[in-house]
Amino acid sequence: MRGRYLHITLLSIFVVAVQVITQITDTTYYLTQLTMAAYYSLVILGLTLLMGYAGQISLGHAGFFAIGGYTSAVLTTYNLIPYKEKAIVKVMASMGMLQMREDLYGGQILNLHPWIAFLLAIAITVAVAYVIGIPVLKLKGHYLAMATLGFGIIIYRIVLGTPLFGEADGISDVPAFGLLPGIEVSGDMSMRIQNYYIAWVIVIVAVLLLLNLIDSRVGRALRAIHGAEDAADAMGVNTAEYKLKTFILSAVFAATAGVFLTHFNGGIGPSEASVMKSVRYVAIVAAGGMASIWGALTMAAVLNFLSLRGYFGSYDDAVFGAILIVIMLFAPEGILRLPVMKNIQRLLRFKPSEGSDGAS
Amino acid sequence: MPCKGLVPEVERYMTESINEKRRFGMRVFRVLILALFIFSIVVTPALAKDTIKIGAILAVTGPASFLGAPEAKTLQMLAEEINSQGGINGKKIELIIKDSGASPEKAISFAKQLIEEEKVFAIIGPSTSGETLKIKNICEKSKTICISCAAAELIVNPVAKYVFKTPQKDSFAARKIYMQMQKMGIKRIGVVVGNTGFGKAGKAQLEKLAPEYGIEIVISEVYDKKATDLTALVTKLKAKNVEAVVNWSIVPAQAIIAKNMKQIGLNVPLFQSHGFGNIKYVKAAGAAAEGIIFPAGRLLVADMLPDNHPQKPVLIKYKRDYESRYHEEASTFGGHAYDAFMILVNAIKKAGFDKEKVRDAIENMKGFVGTGGIFNFSPQDHNGLDIDSFEMLTVKNGKFVLLENK
Amino acid sequence: MSVELFFQYIVAGITYGIIYAIVAIGFNIIYNTTGIINFAQGEFVMLGSMIAISLTPYMPLLLAIILAVIITMLIGALIEILFIRWLDSPSVLRMIIITIGLSILIREVALAIWGENVRALPYFTGNEVSSISFGGVHISPQVLWVIGVCTVMVLILQAFFKFTMVGRQMRACAANREAARLCGINAKNMVTLSFMLSAGIGAVAGCVVSPITYSQYNMGTGLAIKGFTVAILGGLGNSMAAVVAGLLLGTIESFSIWIMPTAYKDAISISILLLILFLRPGGLFGSKEEMTLKEF
């Protein structure tokens, strides 16, 4: 069995174990926040690829999350009933692209099927990431940071200033996303366990994809870019193309998370596009150790879970600020690689240490 | 231990090679086990106590903290007061305040947490319209009473069985303003609002109702909630020769716009919304606040009300309690939380500890005297306030006073 | 648009612009000596004004401002000593993240100290409603204070870097840190000094604009983003160009309101930033070669 499949198996067992424990202890309500944390982890996985492996910072990833979430939210809540008789609507209906539903107050709503909305959201994300990525990725260091930050702010402004996107209120009453008959992304209490598995299966697939990617030719090229971009360029690596593709892929991760979480929450607000959210994603990638899929995943799941449950109270932002500083000052390689962590792990060992972990 | 069977696998794998990456993988594995262990300790169900749990989702920090902070303080004060008097019908109140920072996604998470996990009796809040609209369906589906402290009319229209709100309707505020304008003979106005949920809702009402009162909105603008200087914006208003300006927001820019208008010599009446009901903004605007006209609940002018006004005792008591405890002036926002909490407490006192009965009691509550006005709920009206809950106020010598019509 | 209106917009633009320029100069001073963009620059502006406001009840305005500036400078030095000084050639990414973290922390500490309330210093002359009229164009006296103080500050800075020993040493460090060290200049102290200097400038700016814009714990972020935009517009490290760029951006923003909904004002200035980054990363006034020759 190859290494990464072993890890994936372990992760899967862990995911199942958590669900079983909550079932036994009658605490299934934890799954709500674990599901939400899973979707945020997806954003962070994408960002880890971009920051840790390709070495390109992005302070605008909340923007891509918002593009995904808002596109899907708008398309699935826009009521087409007034246009029912229009030819185009009829054609779409006959192709099964629309769905009819009833809201809680008995109103009839005819809207685009979430699958179509999802695909459109991804298409738009790819297009935006492509157009933005070409010029942005030519920049380095502070300029890159500022350009991506600027992109994030523009998305935030558009979302906040446009009536179609609900301005400050955001969009509410987003319907459930029926993935397959009987399987749907919805925040309904009865769907909790199902949604927990949907979210984590997506995360596991994403991890699998990333691990394969990192071990492939692409991954080696990315690391070369990270190490010394000019040298990689000289060696014939098409750095621009690799960087762009990574950027697009990580944007798609963020947008997918946006779409699913919006359907799970039943709505989205401008806070999802805010600069603070982007900073948070960067903080978690940093805390996970930049170039560590597993570190990022652990940190993303744990920190988001705690934050969403309100454990940080009014100090939510302060906690993330402190994490950024402490990690970058004392453990730029991430928490999991700190000597203290090694000692903790040693305590948990199943066999005596071979004691040469110093390399990290 | 379910993972034990895997250990030989792991060991075999470990011995194959000892490169850095694999050891790291091993570490990940151990961390996962550790996490699982901690998780199973953490998730022990809480013990039931003989209290009544009331949840609150408020924007105590973040961009709407000027709403959430006084609301949270008010609730804490009230809960302590009631508990010191022996609680409601013998049960002490356990107040759980969650700080959402005005983020809808957190409000959603907290609402589910409060409902499913804490099994709260009711939820007070959220502070902002955006958050309330997100959790409206959650409360409705789980049959949990939610009394919002946010303004937007969408919260109670369409009426959701379990969702109520205490702030006065925006449309009443808009009507009050327009009625005053008619008295003053104003026809051409400019509307400026902040880009918050409050501003958005106000703009919609102002634009909808203007024709009814024969008023023409010649310019309508949205500015950023963090705007620090609006000189350019008021210059634009001046160019349109407006006869009055309506500013609808809850942010500090309310004071800035007043100053900037005076500074560039735009000397037309400035109307504000009920969001101006916070003396801090008057202080911030200083001399520029003089003469601002705005509708508001009577809390701000409690001392000036005639003694026989039914609201006077309630208002004076709330104001005194709040101000002596927190050493800051009470605002109408804290009052919204006061109303929400007291409506709930009174309904429980009347109907006992059955959620359905309490809901019915709120829906049928008549003549409840709160800080925002006198509430008369009905199955069609989950706000319960009428247009008389507003009084037109103005600023005179740095203080709120009732507007006297000549 | 009438002539009066035109000038009214110009005045508004200059007011915005000069504040942006001051923040940008703060960025540049630290950037030149360290190569770091201090994302917490806006927080210095906030700290300066908030401290001054807290001091005013106990002393005359001028004294409160001077004291506030000194305290902010000490905070700037402290930040450099605690968080920056001992790092051994940190990567750009690491520094970006540290300063972003600092900015969040300072903001949260300010929230804990001062709460969410909006505060303001009193007007230096006149009050909220007074204005001076120049042929139909109305200007608040405080705007004149802002323009005056900031202009004087820029001139003093220029003189400091040109004519004083310490200023020249800082320039030497900026031009070539290694060579400067070989000449006996303590480069580390110069870095601390640059943090103090830019904290002080930020604090002064915070104090003069406070009557106009008010002060709140979260006022820093917006200013920092605008300041950075201006710094890049002028070319990173070039302070005089930052002044020109600041005035330009301020005026553009001010006029953009004339034709665009105000809600998109910030999106406009950020779009300009992106365009500059894509087309002329060296800034409006610089070429790529000049960029390597850092000069104040």
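Each value, and the rule that gives it
- Residues numbered from 1 in each chain as written.
- Chains lettered and ligands numbered in written order.
- Predicted model: local features only at pLDDT ≥ 70, side-chain atom pairs only at ≥ 80, totals over all residues.
- Helix = DSSP H or I, 4+ residues; strand = E, 2+ residues; numbered from the N terminus.
- Rg over C-alpha atoms; globule rule 2.2 N^0.38 Å.
- Buried ≥ 20, exposed ≤ 12 C-beta atoms within 10 Å, placed from the backbone.
- Contact = placed C-beta atoms within 7 Å.
- Core = buried A, V, L, I, M, F, W, Y, C linked by C-beta atoms within 7 Å.
- Domains from an automatic or database assignment.
- Nonpolar A, V, L, I, M, F, W, Y, C, P; charged D, E, K, R; others polar.
- Axes fitted to C-alpha atoms, helices over the stretch in contact; angles between N-to-C directions.
- Parallel < 35°, antiparallel > 145°, perpendicular 65-115°, else oblique.
- Left-handed = near helix turned anticlockwise from the far one by under 90°.
- Pairing = 2+ DSSP bridges.
- Expected span 1.5 Å × (residues − 1).
- Arc of directions from axis to C-beta.
- pLDDT = per-residue confidence, 0-100.

The secondary structure content of chain A amounts to 14 helices and six strands. In terms of overall size, chain A behaves like a compact globule, its C-alpha atoms giving a radius of gyration of 21 Å where 360 residues would be expected to give roughly 21 Å. Its C-alpha atoms put chain A at 70 × 55 × 45 Å along the principal axes. Expressed as a percentage of its 360 residues, the buried residues of chain A come to 52%. Counting contacts in chain A only where the partners sit at least 6 residues apart, residues at least 24 apart contribute 78% of the total.

A word on the nonpolar core. Here is a general trend for soluble globular proteins: nonpolar side chains tend to be buried in one another's company. The biggest cluster of nonpolar side chains holds 342 residues, and the ones touching the most others in it are Leu-45 and Leu-324 of chain A together with Ala-111 of chain B. For this core, the domains that each give at least three residues are domain 2 (51-168 + 313-389) and domain 3 (170-296) of chain B. Setting aside anything within four residues of it in sequence, one finds Ala-111 of chain B in contact with Ile-57, Ile-123, Ile-135, Ile-138 and Cys-139 of chain B.

Facing the 31 residues of chain B at the interface are 30 residues of chain C. The set of elements that each furnish at least two residues to the side of chain B that touches chain C consists of α3 (65-84), β7 (216-223), α8 (231-239), α9 (253-263) and α10 (279-285) of chain B. Sorting elements by how many residues they give to the side of chain B that touches chain C places α8 of chain B first, with six residues. Considered class by class, the residues forming the side of chain B that touches chain C number 14 nonpolar, nine polar and eight charged.

Residue and element names in this part refer to chain C. Close contact between helix α1 (residues 3-34) and helix α2 (residues 41-55) brings their axes to 9 Å; oriented N to C, the two are set at 125°. Classified by the angle between their axes, α1 and α2 sit oblique to one another. Read as a crossing pair, α1 and α2 show a hand that is right-handed. Residue-level inspection shows Val-23, Gly-26 and Phe-27 of α1 in contact with α2, the latter providing Gln-41, Gly-42, Phe-44 and Val-45.

In this section: unusual backbone geometry. Residues and elements named next belong to chain B. Note the cis peptide between Gly-125 and Pro-126, where omega equals -5°. For the bond from Asn-157 to Pro-158, the omega torsion is 10°, close enough to zero to count as cis. Despite not being glycine, Asn-89 has its phi angle at roughly 45°, a positive value. Within the element layout of this structure, Asn-89 appears in the loop between α3 and β2 (92-99). Classification of Asn-89 as partly exposed rests on a count of 13 C-beta atoms within 10 Å.

The subject of this paragraph is the sheet that holds strand β3 (residues 122-124) of chain B. Residue and element names in this part refer to chain B. In space, the five strands of this open sheet follow the order β2-β1-β3-β4-β5, with parallel pairing throughout. Each edge of the sheet is formed by a strand with only one pairing partner; in this case those strands are β2 and β5 (163-165). Neighbour-to-neighbour, the strand axes of the sheet open up by a mean angle of 20°, direction not taken into account. Examined bridge by bridge, strand β1 (residues 51-58) and β2 share eight bridges and lie parallel to one another. Residue pairing for β2: Thr-51 is matched across the bridge by Lys-92.

Residue and element names in this part refer to chain B. Side-chain alternation along strand β13 (residues 391-396) places Glu-391, Leu-393 and Val-395 on a buried face and Met-392, Thr-394 and Lys-396 on a face that remains uncovered. Sheet topology note: the strand β10 (residues 293-296)/β13 ladder contains four bridges and is antiparallel. Residue pairing for β13: Ala-296 is matched across the bridge by Glu-391. Between β13 and strand β14 (residues 399-402), which pair antiparallel and follow one another directly, the connecting turn spans two residues, one of which, Asn-397, has a positive phi of 50°.

Residues and elements named next belong to chain B. Buried residues dominate β1, accounting for six of its eight residues. Pairing between β1 and β3: three bridges, direction parallel. Across the sheet, residue Gly-55 finds its bridge partner in β3, namely Ile-123.

All names here are of chain A. Here helix α2 (residues 30-53) crosses helix α11 (residues 275-288) at 70°, and the two axes come no closer than 9 Å. By the angle between their directions, the pair α2 and α11 is classed as roughly perpendicular. Two packed elements cross with a definite hand, and for α2 against α11 that hand is right-handed. Note on element contacts: α11 touches α2 through Tyr-281, Ile-284, Val-285 and Gly-288, opposite Val-43, Ile-44, Leu-47, Thr-48, Met-51 and Gly-52. Split by residue class, the contact of α2 with α11 holds seven nonpolar, three polar and no charged.

For the rest of this paragraph, the subject is helix α13 (residues 316-330) of chain A. In an α-helix, one turn spans 3.6 residues, which is why side chains three or four residues apart end up on the same side. For α13 of chain A, built from 15 residues, the straight-helix expectation of 21 Å at 1.5 Å per residue is met to within 8% by its first-to-last C-alpha distance of 21 Å. Within α13 of chain A, the full set of buried residues consists of Asp-316, Asp-317, Phe-320, Gly-321, Ile-323, Leu-324, Ile-325, Ile-327 and Met-328 of chain A.

Residues and elements named next belong to chain B. By the secondary structure assignment, Glu-329 is in the loop between α11 (312-326) and α12 (332-351). Take Glu-329: there are 16 C-beta atoms within 10 Å of it, and that puts it in the partly exposed class. Once the C-alpha coordinates of Glu-329 and Ser-129 are considered, the two residues, 200 residues apart in sequence, prove to be 24 Å apart. Once residues within four sequence positions are removed from consideration, Glu-329 is found in contact with Ile-279 and Glu-323.

Residue and element names in this part refer to chain A. Among all positions of helix α8 (residues 217-227), only Ala-221, Leu-222 and Ile-225 are buried. One side of α8 holds all its buried residues, which, seen down the axis, span an arc of 100°. Looking at the buried positions of α8, the neighbouring elements they touch are α2, α9 (229-234) and α10 (239-265).

All names here are of chain B. Here chain B shows a mean pLDDT of 85. Residues at 70 or above account for 88%. Low pLDDT, under 50, characterises residues 1-18; the stretch is placed with 13 contacts to residues that sit more than four places away or in other chains. With pLDDT under 50 throughout, residues 44-48 is counted as low confidence; its partners more than four residues away or in other chains account for four contacts. Across the interfaces of the predicted complex, the ipTM metric reaches 0.87, alongside a pTM of 0.87.

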